[in-house]
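# Structural description and commentary
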Amino acid sequence: MIQRRILSFLLALSFVSTIASSQLLRLNPETGQTERLQYLIGGYAALSLNFQQANFGTLPGFPSCCATYGQNTTISPAFGAAFELPITEVFRIQGRLGYSSLSGLLRSVEQIGNEPVQSDGPVPILQRQPVNVEHTLDASLPMIVIEPSIGYRLFDLLWVTAGVRGGLLLSSSFIQKETLIDPPGYTFLDGTTIRNAAQSDIPNVNTFQLHGIVGIGYELMTKNGISIVPEVRYYLPLTSISNVDWKVQSFQIGVSVRYGSYEPVEATIEGDTVYYRDTVIVEKTGLLAPRITLRDSREDVETRRLGDVEYRTVTIKESYIREIPRPFNPGLRSSIIARRADGTTGPLDVMRVEELDVIESYPLLPQVFYPEDAADLASTQQIRLEASEAVDFRATNLSRDQIDVYRNVLNVIGYRMKQTPGSKITLEGHVSNVGPELNDRDLSRARAESVKSYLTSTWGIEPERISVKSSLLPSEPANPTTPDGKGENQRVEISSSDPSILEPVEFRDKDLIIAPTDLVLRPEVSDADGVKDWSVKMSQGGRELYRSQGEGAPRDVPVDVARSDAKPRKEGPIVSTFSVRDANGLAAESSDTLNVDYVTLQTMKSRQEEGKMVERYSLIVFDFNSAQLNSSNQRIMERVKQRIQPDSKVRITGFADRQGNPDYNRELARKRCVEAQRVLGLGDDRVTLEPIGSDRLVFNNDTPEGRSYSRTVQIEIVTPVR
């Protein structure tokens, strides 16, 4: 009956409401924007009608003659905080935290027949008769509750709710008594109308109470976002109060008031893009076709919202470079200039090339050096020919290089012995006589035999023309305590009774005196931008004299004509051509011409100019730490002496190997120069002495032959030719 009245009240309230219904979306009249509900937060208050379903008469441990209490109804307050979170237009997650109560008064009236009672008078009279008694149990059950639930919108304003309520009892006490109510004027035997009275905590109470929830509410929303919801909720008990059959179901009639938080919905964007482009045109070398390059880009965004539409304008400002091909014209010019002795440069009109007759004498070093403890000729520096190759060998075909002549010393000797059938030689093998070669005469003989074997097998020299000896240290040994000295003592010495066998190798050739010798090939460009690489070529009559190249802009190129492998000839001028290229292979060239005055001895005679004949001789080998000429050098000196004319100019340059102190070596070289001057019989006014010693090593002193050739004097004779 009560439930029906509550429902009728709520329906009537919904029909008279004039407040706008709550929706997930609303229109903000001030901004004109649609707003979306984010959450609702507030509180609630209600009256709770508790229906006590008590199907028991006695609590454990507390006497009572009540058969059963039955059903009773009480009213208690409920209030707390409320929160709702919209999920969709019709669903919400709901939550409440608050206070409620299951308290109530249990009551039962019972008639008891033949009950002994006594009258309430001056003189109590005991009698038995039927009486009516009232059993009451007043329970106090306040609790803190939490109510998670789901709300569903049936219609525009009507919401239904389903969920659970968990309650934690704050206390669980009761007051119990049995009261005699009829007939009046009687008491129980103790003289009172109350018996079985008790007050205590409910035994075996369930501190946590669980209820299922269903509810209905009508939501009214004010313009300022306040939600007012009259509502009814029913709480179905899922747990008993204690271990007796006692449950409490409840109806709550109340109202919740919450504040709704809204935020504008995401706007519909209507965009527009505006471009501002700026292009700069520049010329660039090295391009085959025009190209456009983005140099800078900047983006600005301006937004403006009207209602639910956001107008967005993007302004893009771009800066471009348009590069167009520039003709490749570096403004290249080139010239040939001379570098003077003081380092300065200047213009050059003509180059003088003077031809000289040159005789160079390269002495033989009649010694073959072996590595330590080795006797195989293949381990030496000597060049070994096959018999078929020896047929075409000529000493004059060797290069004008002293070491090259030395490496062919056995071939020179073999060739000369073939030309002089009566000649004989002696081979004497030596060892360092230290370490593994100590007293090893077999090794010294094996070394000599290896030389003999080569001469007999390759050059076909009869074995009886070659004598073999074995010794320990040479007669004039190098210092055996140093590595250099040991290496020089590990050798085979070659001697001959025929002086022609060991004569120096003489070359007759033409030498050139070039003036100036230091040239600079100079390029000039007015616009080097775009130049990728360059090259320069110097030629004469189609014959290339010099070439160089590099990256980037061209630069000065120094050329030492005297040291160049290809030297000017008498035909035609020298042409220097510079060429530059860009990245696409486009090229530009510029040339300059230098005239050549090529003067031969015949030309000098026709011009009545003085020519020159230059002869160069080296004397070897001064023995280690010696300035005395041996017999072989004496014969060479006789030839040199015959070549000196009254108007000849003579220069004697003395050298030493690297062994020893530089000052000592310089003095040793001076003594060697003086010895050569004495043998030649030249006065101080006819000769120039230049003792260099070991200040400048003329050959590689890491080899025994290089050190031996460094113990020498070089004699240069310059004789005028008219």
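Residues numbered from 1 in each chain as written. Predicted model: local features only at pLDDT ≥ 70, side-chain atom pairs only at ≥ 80, totals over all residues. Heavy atoms only, no water.

## Focus on the sheet that holds strand β30 (residues 557-560)
Put simply, the rule is: Strand pairing is assigned whenever DSSP identifies at least 2 bridges connecting the two strands. Runs of E in the DSSP output that reach at least two residues are strands. Runs of H or I that reach at least four are helices, and both are numbered from the N terminus. Lines are fitted to the C-alpha atoms to define the axes, a helix being fitted only along its stretch in contact, and any angle between axes, read from their N-to-C directions, falls within 0 to 180 degrees.
With antiparallel pairing, four strands are arranged side by side in an open sheet as β20-β19-β27-β30. In this open sheet, the two strands that pair with only one neighbour each are β20 (345-347) and β30. Strand-to-strand, the axes of this sheet are offset by a mean angle of 35°, without reference to chain direction. Across four bridges, the pairing between strand β27 (residues 518-524) and β30 is antiparallel. Within the sheet, the bridge partner assigned to Val 520 lies in β30 and is Pro 558.

## Some thoughts on the packing of aromatic side chains
Our working definition: A pair of aromatic rings is counted whenever rings of Phe, Tyr or Trp (Trp by its six-membered ring) have centres within 6.5 Å, and the orientation is called stacked for planes under 30 degrees apart, edge-to-face for over 60 and tilted otherwise. Remark: a charge is flagged as sitting over a ring if the NZ atom of Lys or the CZ atom of Arg is within 6 Å of the ring centre and within 35 degrees of the ring normal.
Counted by the stated rule, this structure contains 15 aromatic pairs. Here Phe 699 and Tyr 709 contribute two aromatic rings whose centre-to-centre distance is 5.7 Å and whose plane-to-plane angle is 55°, an arrangement assigned as tilted. Here Phe 699 is found in the loop between β35 (687-693) and α10 (704-710), whereas its partner Tyr 709 is found in helix α10, with 10 residues between them in sequence. In this structure an aromatic cluster arises from ring pairing among Phe 369, Tyr 406, Phe 699 and Tyr 709. Across the ring face of Tyr 44, the terminal group of Arg 96 is positioned such that the distance to the ring centre comes to 4.4 Å. Positioned above the aromatic ring of Tyr 235 is the side chain of Arg 165, whose terminal nitrogen or guanidinium carbon lies 4.1 Å from the ring centre.

## Some thoughts on the side chain of Arg 465
Keep this limit in mind: Only protein chains enter the accessibility calculation, which uses a 1.4 Å probe; a residue is then buried when its area is under 20% of its type maximum, exposed when over 50%, and partly exposed in between. Nitrogen and oxygen atoms within 3.5 Å of one another constitute a polar contact, given that in protein one can donate a hydrogen and the other can accept it, and given that sequence-neighbouring residues count only through two side-chain atoms. We call two residues in contact when some of their heavy atoms are within 4.5 Å.
Relative to the elements of secondary structure, Arg 465 occurs in the loop between α5 (441-458) and β24 (466-470). Since its relative accessible area comes to 8%, Arg 465 is described here as buried. One polar contact links the side chain of Arg 465 to the main-chain carbonyl oxygen of Thr 420, over a distance of 2.9 Å. Apart from residues no more than four positions distant in its own chain, Arg 465 is found in contact with Met 417, Thr 420, Pro 421, Gly 422, Ser 423, Lys 424 and Ile 425.

## Notes on a nonpolar patch on the surface
Which entries qualify depends on this criterion: For patch building, the residue pool is restricted to those with more than 30% relative accessible area and no salt bridge; the joining distance is 9 Å between like charges and 5 Å between nonpolar side chains (Val, Leu, Ile, Met, Phe, Trp, Tyr). Only the protein chains shown count as covering a residue, and every accessible area follows the Shrake-Rupley method with a 1.4 Å probe. Salt bridges are identified by distance alone: a Lys or Arg side-chain nitrogen within 4 Å of an Asp or Glu carboxyl oxygen.
Residues Tyr 39, Ile 41, Phe 83, Leu 85, Ile 87, Phe 91, Ile 93, Ile 150, Tyr 152, Leu 154, Phe 155 and Tyr 259 make up a contiguous nonpolar surface patch of about 1,100 Å² in total accessible area. Looking at the nonpolar patch, the elements with two or more residues in it are β2 (34-54), β3 (70-86), β4 (91-101) and β7 (142-153). Mapping Tyr 152 onto the fold places it in strand β7. Judged by its relative accessible area of 33%, Tyr 152 is partly exposed.

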